[in-house]
Amino acid sequence: MRVAENLNAALHGLMEHDPTVHLLGEDVADPYGGAFKITRGLSTRFPERVLTTPISENAITGVAAGLALAGDGAVVEMMFGDFAALAFDQLVNFAAKSVSMYGSRVPMRMVLRCPVGGGRGYGPTHSQSLQKHFVGVPGLALYETSPFRDNAEVFAEMLQRAEPCVLFEDKVLYTRAMYEVEPPFALRAQGAVAEVSLPGERPDCVVVAGGGVAHRVLAAMRTLLVEEDVLCTLLVPSRLYPVELELPEVDRVFVVEEGTAGGTWGAEVAHVLHTRHWSRLSGPVTLIHSADSVIPTAAHLERDVLVGAEAVHRTILETLRA
Amino acid sequence: MSVSIWERSHASGQVSAVGPSDDDLTQLLTIRAFERKLLDLFERGMLNGTTHTCLGQEYVPVALEPLLRPADHVFSNHRGHGHYLARHRDPEGLLAEIMGRRGAVCGGVGGSQHIRRDRYLSTGVQGESLPVACGVTLHLKRAEPGALACVYIGDGTFGEGGVYEALNLAALWQLPLLVVVENNGIAQSTPTARNMAGTIAGRAAAFGIAHLRTDSVDLDAIRTLLAPAVAAVRQGRPLVAEFATHRLGPHSKGDDTRGAEEIAAAHAADWYPRYAAADPERFARLDAAARARIDAVAADVTGREPA
Ligand SMILES: Cc1ncc(C[n+]2csc(CCOP(=O)(O)OP(=O)(O)O)c2C)c(N)n1
Ligand SMILES: [Mg+2]
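All figures in this text were calculated on a predicted structure; none of them were measured in a lab.

Caption draft 1: View of the overall build of chain B. Scanning chain B from N- to C-terminus turns up 13 helices and nine strands. Summarising its shape, the C-alpha atoms of chain B cover approximately 50 × 50 × 40 Å along the three principal directions. Look at the contacts in chain B between residues 6 or more apart in sequence, and 74% of them connect residues 24 or more apart. Carbon together with sulfur atoms contributes 53% to the accessible area of chain B, which is approximately 12,000 Å² in total. Across chain B, the mean location of the 31 positive side-chain charges is 3 Å away from that of the 35 negative side-chain charges.

Caption draft 2: Molecular detail of the sheet that holds strand E4 (residues 110-116) of chain A. Residues and elements named next belong to chain A. Read across the open sheet, the seven strands follow the order E2-E1-E3-E4-E6-E5-E11; overall the sheet is mixed. If you trace the sheet from one side to the other, it starts and ends with strand E2 (50-52) and strand E11 (239-241), each paired once. Along the sheet, successive strands turn relative to each other by an average axial angle of 20 degrees, direction set aside. Looking at chain direction, strand E1 (residues 21-25) and strand E3 (residues 73-77) are connected through five bridges and run parallel. Bridged to Leu 23 within E3 is Val 75.

Caption draft 3: Quick look at the site of ligand 1. Residue and element names in this part refer to chain B. The immediate surroundings of ligand 1 are formed by 15 residues, with His 78, Arg 79, Gly 124, Gly 156 and Thr 157 found nearest. In this structure, an oxygen atom belonging to ligand 1 sits 2.7 Å away from a side-chain N or O atom of Thr 157. Between ligand 1 and the protein, one listed contact pairs an oxygen atom with a side-chain N or O atom of Asn 184 at 2.9 Å. The residue inventory of the shell around ligand 1, partitioned by class, reads three nonpolar, nine polar and three charged.

Caption draft 4: Structural detail: the coordination of the magnesium ion (ligand 2). Residue and element names in this part refer to chain B. The protein atoms that coordinate the magnesium ion (ligand 2) are Asp 155 (OD), Asn 184 (OD1) and Ile 186 (O), at distances spanning 2.1 to 2.2 Å. Every donor residue of the magnesium ion (ligand 2) comes from the same chain, spaced as D-x28-N-x1-I. Here the residue Asp 155 occupies a position in the loop between strand E4 (149-154) and helix H7 (161-172), and Ile 186 occupies one in strand E6 (residues 186-187), the gap between them amounting to 31 residues. Classification of Asp 155 by relative accessible area gives buried; the value is 2%. According to the relative accessible area criterion, Ile 186 is buried, its value standing at 7%.

Caption draft 5: Focus on the UniProt feature "domain: Transketolase-like pyrimidine-binding" (unreviewed entry) in chain A. In the numbering used here, UniProt assigns the feature "domain: Transketolase-like pyrimidine-binding" (unreviewed entry) to residues 1-176 of chain A. Between the C-alpha atoms that bound residues 1-176 of chain A there is a distance of 8 Å. The span itself is 31% helix and 17% strand.

Caption draft 6: How the structure looks around the packing of aromatic side chains. All names here are of chain A. With the rule as written, the count across this model stands at 13 aromatic pairs over all chains. Each ring, one from Phe 36 and one from Tyr 174, has its centre 5.6 Å from the other, and the planes form 40 degrees; the classification is tilted. Note that Phe 36 is positioned in the loop between E1 and helix H2 (42-45) and Tyr 174 in the loop between strand E6 (165-170) and strand E7 (186-189), a separation of 138 residues in sequence. The class for Phe 36 is buried, based on a relative accessible area of 12%. What links up through ring pairs into an aromatic cluster is the set Phe 36, Phe 80, Phe 83, Tyr 122 and Tyr 174. A cation over a ring is seen here: Lys 37 above Tyr 32, with NZ or CZ 3.6 Å from the ring centre.

Cut-offs and rules
- Residues numbered from 1 in each chain as written.
- Chains lettered and ligands numbered in written order.
- Predicted model: local features only at pLDDT ≥ 70, side-chain atom pairs only at ≥ 80, totals over all residues.
- Heavy atoms only, no water.
- Helix = DSSP H or I, 4+ residues; strand = E, 2+ residues; numbered from the N terminus.
- Contact = heavy atoms within 4.5 Å.
- Areas by Shrake-Rupley, 256 points an atom, 1.4 Å probe, with all protein chains shown as cover.
- Lys, Arg positive; Asp, Glu negative; His and termini not counted.
- Charge placed at Lys NZ, Arg CZ, Asp CG, Glu CD.
- Pairing = 2+ DSSP bridges.
- Axes fitted to C-alpha atoms, helices over the stretch in contact; angles between N-to-C directions.
- Near = heavy atom within 4 Å.
- Polar contact = N/O pair within 3.5 Å; in protein donor to acceptor, adjacent residues only side chain to side chain.
- Nonpolar A, V, L, I, M, F, W, Y, C, P; charged D, E, K, R; others polar.
- Donors = N, O, S within 2.8 Å, 3.2 Å for Na, K, Ca; no water.
- Buried < 20%, exposed > 50% of the residue type's maximum accessible area, 1.4 Å probe, protein only.
- UniProt positions renumbered as here; feature names shortened; annotations may be inferred.
- Phe/Tyr/Trp six-rings, centres within 6.5 Å; stacked < 30°, edge-to-face > 60°.
- Lys NZ or Arg CZ within 6 Å of the ring centre and 35° of its normal.

Spelled out as structure tokens, the structure:
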């Protein structure tokens, strides 16, 4: 099953089992089923609760917050995660605030789904990974789709939190298979933090990465192992923020993400790991991310900016050998 | 300029012999006394932060209250004390909230602009509540048909894009949304003429949404005017109800940039002297009682420990 189908199945299951859940977004209705087809079939099955909306990211995020205030659950699809900038006020100043600003906890069951990432030539305003802009908002939890965790579980967990959540879905994952890892590496743990490693071997380092760049990290792990005899373990947390990570016994950690340089999610992960594990690390956590640049449209220019397997390989090797 | 219904009925000798009920008058006067008390506490350095009083606009929520039902939601804004007091009659809880004392409605976290109690909610970001109210009314339409959401906004808030996104959705989805516009002719320091092209009526018309406008301060006249349209809101026909009103005081505190003439005009339109003149004895009695109550509330709340 591909990630897109897994997401679609998760939404079907969610709407079937929770009759309060509404889904809103631009062009989400059948036969179109959303720009990336993730909502396919939902409007046919649940016509009352699936609303195709005007191009109004601010309002539909507010509508989701209103549904949540009234006790319903709501899932909003941003056609492109870049447009979450237009929903920022509703999300940050209303939905997330409402959880605690009225003095007692107000449950807010809502999820903003954001297709993110480049590699498809969509250009500077349709390719970003804006995770970093949402880090550190009280009452707002961040998740990222991964090929190693069933999205049904992710949605159940997000709604269970009863606070607004953003789910970042890297678009390159949509056509990737779930749970697929090529030997000799194996998927050793699924769930909240997935682990991909070489069974029975002690790794030289740990690479922490969001689900969207997992395959790029795995490609680097393969060349590092084959060409350089460097062994990495990959950890893919389903929830990006708040950060919660258990480190295996290593003294070197890398964080990989597609977001561009500056104020990154990785910096937050590094801070948490430094605070907790400083004494056992032999150097600071190394951040690997895209360049400090807009994301160009032309394939060769885009490749130069976005984080890729070679950059991961090179940085890990240089750091370990330094 | 249209003549207020209240003035008109006076002029033609048709003012209702009964006038406002004791309860209505008490509500009006309690809100006025509350807001005056706040400015007084501020001047004496006893309040923290900021506040926006509804002096001059008290009659708007008081007029609306009997048109609303317990199941209805009310969304308020930065100038929301009157909205809250008309709905919940709870000056103790509100003052405690504003002062961060025991008994605060929201534990002192929200303060003047962020209040939630039952189905009443206010927030301090302009235009934010209209989309939220669309979500609530979407729920109501299905789960509790007949209930509505009433959203108070000011004239200046029509500068926010979210307002138009929400009006579009309300019309499109036939939501039971009542938008109450308190058009006091000014937004902070900027007169409406300098921040709004066109009219509020024109905006409502653009979405095919019903619009009513009144400059009356007569509770009965306002209720009579609005009742049928509010009933229609409950059937999924949204309404923009525009009150041409007047802000007597500063935007928040000590920040009134208007000229003396303009402020005098606002005072000339105030409901307070008119109601006083219409029934001086009863008015004076109820006013004294309302002030005494608010004095007592303030004495009580200021003596309380922190929330
Ligand atoms: C999004 C946003 N921008 C600016 C402000 C600051 N602000 C608070 S009240 C106000 C004026 C609002 O004017 P209006 O809507 O006419 O309401 P009034 O104060 O006259 O009751 C402004 C600019 C705000 N609270 N929210
Ligand atoms: Mg105004």
